[in-house]
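Results of the structural survey
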Amino acid sequence: MREVAVIGAGMNRWGELWEKSHREIWTEAALEAIDDAGVDHVEAMYVGCMSGGLFMGQEHLGALLADQLGMGPIPGTRVESACASGGLAFRQAYLAVASGAHDIVLATGLEKMTDVDGGMATYALSTAADQEYECYQGITFPGLYAMMARAHMERYGTTRRQLAEVAVKNHLHGSMNALAQFPMKVTAEQVEGSVMVADPIRILDCSPITDGAAAAVLVPLETAKKMRVDPLIRVAASAHATDRIALHERDDLCWLASTAKAAESAYQQAGVGPTDLSFCEVHDCFTIAEVMVIEALGLVDRGRGGSAAEGGFTALDGRVPVNPSGGLKSKGHPVGATGLAQIREVVHQLRRSCGDRQVKDARLGLTQNMGGTGASTVVHVFERM
Amino acid sequence: MIGSARYWREVPQRYRYEAAKCVKCGEVFFPPRLVCNGCGGREFTKQTLEPNGSVETFTIIQVAPTGFEDQAPYAVGVIKLDDGVKLTAQIVDCDPESLAVGDRVRLEFRRVQQDGESGILCYGYKFVPVAK
């Protein structure tokens, strides 16, 4: 396997982009990554998209979007792993370069979610859970995470306020990100007073419905060196693991086994541990998700995720800043694009070009992108060389 | 959204609570599988779910998905049955606000959705609290 570098990244302003089609949204992000890399072509393209069929009535996105690039009949592959589709698309691009199959590959993520109404969007998202044995009973995605939150609160004493502090932190970070969908700051009181969706999850515990895309360009590390890319950003690890899709089938409702497994593999590949990380971009689709993810990544002890945001451990100036971009919570969550947007943030943090939200001395960044209630996780580690 | 062939196919689980017990290690799976997730065994015997269990966690759905709007607010929980099987299901015939983790519940046959898009009345299992 060859060593791989990321030499370009792109993302547009996220939000309810009613005036733009998915083609425009995707192509803008793709071209930004290609221009950022300073290359004139790519040999292959991967696109992570959770549900083009349900959100847009459009499948066959590999071909449709590859054609938009104007780079000839290159292979275009659509990758799906629910909300982890973007991370998995990047991993496929990584494997294509590492294996020697291609020398310059574009990894992208896309979701156009606002062409359908709220009921349809909720249904489309729910297909990431077990349709026959979870959704049939009337459970929703916020409902599934609410059940994880209650289990965590019961067992570890995690408080309602601690969940709110995750949203407060991520909106504070997002307020410094010009591309974020909801860059406003929120208070813990506002979170705790917002509309109840599925007890104990309130609307300000949830990531939003978003249109958006993000992209990155990968080449062999040796090629990046010859191109005199500075700073060099190496993919130090790429890992993927799965778990049972239905929450109720898992032995421990408070533990994200797929994240723990992917992280273990990633740390081994990179030869690092959680204490070596400069910062992380993690999948905070709900506030409780960030609490459980940082436990599974080993940033805090099992059961201690609740106090991390409250105590400032995961703040921009904390021991391990988590979601300096604002996370899914503030930046937005166009599901298939999220994994690539996390990587785009890491690239900019490692280049130290993030302005007010720059993590000090950023050298080693981790991304964790998760599908459903954690039935799939993709973890990457990036190193500034 | 539930087509008639799919609904018919799921009847053994929804109406008769049919699970599969691994001949080799004894683990019970609901729905049945072709391979035991615990030991890799491929031989199973049919077994009916135990009707009694405990609430492992739950939520109260305020914003309901399509087809459940009329029922909100309603409780949905993860129930651990006494045979070790865990399920997601509604917990009904109670004040949802009075529920607690650990509460004992019993499985009952109920109508789950008012009306599928294909006109099928959708039945299945729900749980009701057992007097403390």
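If you're wondering where the values come from, they're calculated on a predicted model, not measured in any experiment.

Our next topic: the overall build of chain B. The helix and strand tally for chain B stands at 2 helices and 8 strands. Along chain B, helices (α) and strands (β) appear in the sequence α-α-β-β-β-β-β-β-β-β when read from the amino end. Counting only C-alpha atoms, chain B reaches 45 × 40 × 20 Å along its principal axes. Out of the 132 residues belonging to chain B, those deemed buried represent 32%. In chain B, the share of contacts with a sequence separation of at least 24, taken over all contacts with a separation of at least 6, comes to 48%.

For the rest of this paragraph, the subject is the interface of chain A and chain B. Taken together, the contact between chain A and chain B spans 27 residues of the former and 26 residues of the latter. Looking at the side of chain A that touches chain B, the elements that each hand over two or more residues are α5 (118-126), α6 (141-156) and β5 (196-199) of chain A. Of all the elements, α6(A) adds the most residues to the side of chain A that touches chain B, at 6 residues. Split into classes, the residues belonging to the side of chain A that touches chain B amount to 13 nonpolar, 8 polar and 6 charged.

All names here are of chain A. Structurally, chain A comprises domain 1 (4-117 + 209-226) and domain 2 (129-207 + 237-384). For domain 1 versus domain 2, the distance between C-alpha centres works out to 23 Å. Taken together, the 35 residues of domain 1 in the interface contact 32 residues of domain 2. Of all the elements in the fold, those that place two or more residues in the side of domain 1 that touches domain 2 are β1 (4-11), α4 (85-98), β4 (105-111) and β7 (212-220). Tallying contributions element by element places α4 first for the side of domain 1 that touches domain 2, with 8 residues. Classifying every residue of the side of domain 1 that touches domain 2 by side-chain character gives 20 nonpolar, 11 polar and 4 charged.

Let us now look at helix α1 (residues 22-37) of chain A. Along an α-helix, residues three or four apart share an orientation, since each turn contains 3.6 residues. All names here are of chain A. Taking 1.5 Å per residue as the helical rise, α1 with its 16 residues ought to reach 22 Å, and the 23 Å between its terminal C-alpha atoms agrees with that figure. Every buried residue of α1 is listed here: His22, Ile25, Trp26, Thr27, Ala29, Ala30, Ala33, Ile34 and Ala37. If you follow the buried residues of α1, they end up packed against β1, α2 (52-56), α3 (61-68), β4 and β7. After α1 finishes, the residue Gly38 shows a positive phi value of roughly 75°.

Taken together, the 3 strands give an open sheet; going across it, the order is β2-β1-β3 (chain B), and neighbouring strands pair in antiparallel fashion. Each end of this open sheet is capped by a strand with a single partner; those strands are β2 (28-29) and β3 (44-48) of chain B.

Cut-off values and rules
- Residues numbered from 1 in each chain as written.
- Chains lettered and ligands numbered in written order.
- Predicted model: local features only at pLDDT ≥ 70, side-chain atom pairs only at ≥ 80, totals over all residues.
- Helix = DSSP H or I, 4+ residues; strand = E, 2+ residues; numbered from the N terminus.
- Buried ≥ 20, exposed ≤ 12 C-beta atoms within 10 Å, placed from the backbone.
- Contact = placed C-beta atoms within 7 Å.
- Nonpolar A, V, L, I, M, F, W, Y, C, P; charged D, E, K, R; others polar.
- Domains from an automatic or database assignment.
- Expected span 1.5 Å × (residues − 1).
- Pairing = 2+ DSSP bridges.

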